[in-house]
Amino acid sequence: MAVFSQDLQTIISVEGENPPEVFVRDGLPRPDRHLLLGLVQTVSVAVEERDPESVVFMESCSIRMERAGLLKDLFASLLIVRAEDGSVGALAIEDPAEARRRARKVVRWFTGTIRLDVP
């Protein structure tokens with residue numbers, strides 16, 4: 001999958017009932033809520049459709065990232081990533097129904113962070 005062969009700018013980790021965690025590459029500003037919502041909506045559709053171009057279903061999802069010179073391993077049931085060129089992808093647990101549930105949950109969470117009544 002091409003997105004994982006590039007440097008990743010943003011990683012959203014979704015695990016359990018905890019709020020999603022957002023990680024960005026050192027030196028980059030934190031993305032705004034609208035961009036994050038767009039990322040999770042895109043991945044939610046890809047998970048729903050089991051798109052082989054952007055979603056990899058696996059038994060255990062993990063990504064290793066470097067932050068401040070230290071390596072950190074991220075483990076989650078759904079990892080949403082955005083690469084340097086703007087492409088988006090995800091690692092999801094093997095069970096597509098559970099992955100779909102997690103993707104929908106993260107869309108609801110990010111939608112709740114945006115005031116939709118303000119033009």
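Note that the coordinates shown come from a computational prediction; the quantities given were computed from them, not determined experimentally.

Some remarks on the pattern of salt bridges
Item 1. On inspection of all chains with the given rule, the structure shows four salt bridges.
Item 2. One salt bridge connects Glu 98 with Arg 101, and the closest N-O pair in it is separated by 2.9 Å. Highlighted residues: Glu 98 and Arg 101, both in helix α2 (residues 96-111), separated by three residues, approximately one helical turn.
Item 3. Since its relative accessible area comes to 38%, Arg 101 is described here as partly exposed.
Item 4. Among the ionic contacts, a cluster of salt bridges with common partners joins Glu 98, Arg 101 and Arg 102.

Points about the layout of surface pockets
Item 1. Size it by volume and the largest pocket reaches roughly 160 Å³.
Item 2. Taken together, Leu 8, Gln 9, Thr 10, Ile 11, Phe 23, Val 24, Arg 25, Ile 63, Arg 64, Met 65 and Glu 66 form the lining of the largest pocket.
Item 3. Sorting the residues of the lining of the largest pocket by element identifies β1 (8-14), β2 (21-24) and β4 (61-67) as the ones contributing at least two each.
Item 4. Within the lining of the largest pocket, the residues separate by chemical class into six nonpolar, two polar and three charged.

Cut-offs applied
Residues numbered from 1 in each chain as written. Predicted model: local features only at pLDDT ≥ 70, side-chain atom pairs only at ≥ 80, totals over all residues. Heavy atoms only, no water. Salt bridge = Lys/Arg side-chain N within 4 Å of Asp/Glu carboxyl O. Helix = DSSP H or I, 4+ residues; strand = E, 2+ residues; numbered from the N terminus. Buried < 20%, exposed > 50% of the residue type's maximum accessible area, 1.4 Å probe, protein only. 1 Å grid on protein atoms, 1.4 Å probe; cavity = no way out; pocket = protein on both sides within 12 Å on 5 of 7 lines; lining within 4 Å. Points joined across faces, edges and corners; volume = space filled by probe spheres on them. Nonpolar A, V, L, I, M, F, W, Y, C, P; charged D, E, K, R; others polar.

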